[in-house]
Amino acid sequence: MTDINGRVKREFEKNLDLVTELSHRISAHPEPAFEEHETSAAIVAALENSGDFTIEKGVADLPTAFVASAGSGDLVFGVCAEMDALPGIGHGCGHNVIAASAVGAALALAPFADELGLTVRVFGTPAEESGTGKEIMVNRGVFDGTHAAIMVHPSLKDVVTPQLRAARSWRVTYTGRGGHASRPWSALNAADATVVAQTAIGLLRQQLRDGIRVHHVVKEAGSAVNVIADHAVVDCMIRGDTINEVDEVWERVRRCFDAGAIATGTGVEFTSLPSVYREFRHDQDLAPIFESHAKAIGRTFPDYPDKTFGSTDMGNVSLRIPALHPMLSFDLPTEEGNHTAAFAAAAAGPEGDRFVHDGGLAMALTIADVAQSGPVRRRLIGRASTS
């Protein structure tokens, strides 16, 4: 294994133009959750064309999901490639650079996988933004037999172990009785129910623990100013440190929505939405290895007082197998964070290209080091055999 890391690095640099172009292609053709057909095909083609990977498509009964494998070693290490874009914004969460960096890391490792005793897997994971594709894949056994997984995400900060929070969503539907606004006494106003609920939630927030977030948006509440709405729909998301905390807070928030129904005499129905983001558990052996390689590439990791970010279904993976989800920064003003048009533009430009290089290379070298580290390797393999 003489200078294996040097050979991995040279292989990475050899493929850098290819994976950078892949990032640009994905950025130019954004596709929303579960519809990432062109994106998935482009990633699969890049891996297939190397000649090192076998591909299983349509895993977990998800048409755009896939698993690509190279090598036959007993240590199985996965790299996750997120694919979906945000409706109306495009890749404002940088999934184009996430996918490209994952491909870059995998292509760099594949020629040396057997020498390292590795099986390298690339997981094409749809619907991170909505639908939590990884939750579906985890529940259907796609990650079974994998000893660890990693991905790198763009943000405005360089953080190795960000705090990534749990979240769950619900849809609330009010049903009233419509009528003309000139004769309101016979109507039951579903739109008014949303106002009562939002007011109650606003008052509830002062009673919630610091860090709890209750997001909601009125999706429907009538269509004409002179017609009393007989139907209204609200989507609600709650974030907390754990999924259990989220569910506990929901019981209090649900009563706020009940209050809207009681006050207006309308009916109310609750539906759990499929997006389930579980808390993230970072592997403490993987973190320092990644940090050392990212620093050698030129990244810095200040001791930020706030390392809290949003939610990700990579947390769902981390509760099943050891995982790591570092953040690497784009150089943008603080107001131009994720889920903005400016962030999407950065992901398509030089900042995104820098991310693909730094994130992909740091992941490849991290995995190579883990494969060569007796204690970490034995722990990961041994943990799987006893779980």
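Provided above is the structure to which this section pertains.
Description of the structure in this document. Quantities reported herein were computed from a predicted structural model and do not represent experimental measurements. (Residues numbered from 1 in each chain as written. Predicted model: local features only at pLDDT ≥ 70, side-chain atom pairs only at ≥ 80, totals over all residues. Heavy atoms only, no water.)

**Concerning the packing of helix α4 (residues 95–109) against helix α12 (residues 350–372)**
Argument step 1. Viewed as axis vectors pointing N to C, α4 and α12 meet at an angle of 40°, and their least axial separation amounts to 8 Å. As the angle between them shows, α4 and α12 are arranged oblique. Crossing of α4 against α12: the hand is right-handed. Contacts from Val97, Ile98, Ala100, Ser101, Ala102, Ala105, Ala108 and Leu109 of α4 reach α12 at Gly352, Phe355, Val356, Gly359, Gly360, Met363, Ala364, Ile367 and Ala368.
Argument step 2. Taken together, the residues of the contact of α4 with α12 sort by class into 13 nonpolar, 4 polar and no charged. (Axes fitted to C-alpha atoms, helices over the stretch in contact; angles between N-to-C directions. Helix = DSSP H or I, 4+ residues; strand = E, 2+ residues; numbered from the N terminus. Parallel < 35°, antiparallel > 145°, perpendicular 65-115°, else oblique. Left-handed = near helix turned anticlockwise from the far one by under 90°. Contact = heavy atoms within 4.5 Å. Nonpolar A, V, L, I, M, F, W, Y, C, P; charged D, E, K, R; others polar.)

**Side note on the nonpolar core**
Argument step 1. Ranked by size, the top nonpolar core spans 67 residues in total, and within it Ile43, Leu47, Phe53, Leu109, Leu118 and Phe290 carry the most contacts.
Argument step 2. Broken down by element, the residue count for this core peaks at 11 residues, all from α12.
Argument step 3. Leu118 has contacts with Ala70, Gly71, Ser72, Gly73, Leu75, Phe77, Leu109, Ala113, Ile367 and Ala371, leaving out every residue within four places of it along the chain.
Argument step 4. Counting residues in hydrophobic clusters, the runner-up holds 25 residues, among them Trp170, Val172, Ile238 and Val253. (Core = buried A, V, L, I, M, F, W, Y, C linked by side-chain atoms within 4.5 Å. Buried < 20%, exposed > 50% of the residue type's maximum accessible area, 1.4 Å probe, protein only.)

**Describing the packing of aromatic side chains**
Argument step 1. Under the defined criterion, the tally for this structure stands at 6 aromatic pairs.
Argument step 2. Here the aromatic rings of Trp250 and Phe257 are separated by 6.2 Å at their centres, their planes lie at 45°, and the arrangement is tilted.
Argument step 3. Looking at Phe257, the relative accessible area reads 1%, which means it is buried.
Argument step 4. Cluster of aromatic residues (ring-pair linked, three or more members): Trp170, Trp250, Phe257 and Phe270.
Argument step 5. Positioned over the ring face of Tyr304 is Lys157, at 5.0 Å from the centre of the ring. (Phe/Tyr/Trp six-rings, centres within 6.5 Å; stacked < 30°, edge-to-face > 60°. Lys NZ or Arg CZ within 6 Å of the ring centre and 35° of its normal.)

**Thoughts on the side chain of Thr132**
Argument step 1. For Thr132, the position within the fold is in the loop between β4 (118–125) and α6 (133–139).
Argument step 2. Exposure remark for Thr132: the relative accessible area of 0% places this residue in the buried category.
Argument step 3. Sequence-distant contacts of Thr132, that is, excluding residues within four places in its chain, are made with Ala127, Pro274, Ser275, Val276, Tyr277 and Asp313.

**Looking at the pairing of strand β11 (residues 231–240)**
Argument step 1. Burial analysis of β11 places 7 of its 10 residues in the buried class, the great majority of the element.
Argument step 2. Pairing analysis gives 10 bridges linking strand β7 (residues 166–175) to β11, with the strands arranged antiparallel. Residue Ser169 lies in a different strand from β11, and its bridge partner there is Met237.
Argument step 3. Pairing analysis gives 8 bridges linking strand β9 (residues 213–221) to β11, with the strands arranged antiparallel. Its bridge partner being in β11, His216 is matched across the sheet by Cys236. (Pairing = 2+ DSSP bridges.)

**Brief notes about the sheet that holds β7**
Argument step 1. Taken together, 4 strands build an open sheet; the order of strands is β9-β11-β7-β12 and the sheet is antiparallel. In this open sheet, the two strands that pair with only one neighbour each are β9 and β12 (267–277). Mean inter-strand twist for the sheet, computed between neighbouring axes without regard to direction, equals 20°.

**What to know about the environment of Ile321**
Argument step 1. Summarising the element assignment, Ile321 is placed in the loop between α10 (314–318) and β13 (323–324).
Argument step 2. Judged by relative accessible area, Ile321 falls into the buried class, the value being 6%.
Argument step 3. When the C-alpha positions of Ile321 and Val138 are compared, they lie 9.9 Å apart, and in sequence the two are 183 residues distant.
Argument step 4. Setting aside residues no more than four positions away along its own chain, Ile321 makes contact with Phe143, Thr146, His147, Ala148, Ala149 and Arg383.

**Description of the pattern of salt bridges**
Argument step 1. Using the criterion set out here, one finds 20 salt bridges in the structure.
Argument step 2. Its salt-bridge partner being Lys14, residue Glu11 comes within 3.1 Å of it at the nearest N-O pair. Residue Glu11 and its partner Lys14 are located together in helix α1 (residues 4–14), separated by 3 residues, close to a single helical turn.
Argument step 3. We note a salt bridge from Glu135 to Arg278, for which the minimum N-O separation is 2.9 Å. On the criterion of sequence distance, the pair formed by Glu135 in helix α6 and Arg278 in the loop between β12 and α9 (286–297) is long-range, its members being 143 residues apart.
Argument step 4. Among the charged side chains, a network of salt bridges with common partners joins Glu82, Lys134 and Asp313. (Salt bridge = Lys/Arg side-chain N within 4 Å of Asp/Glu carboxyl O.)

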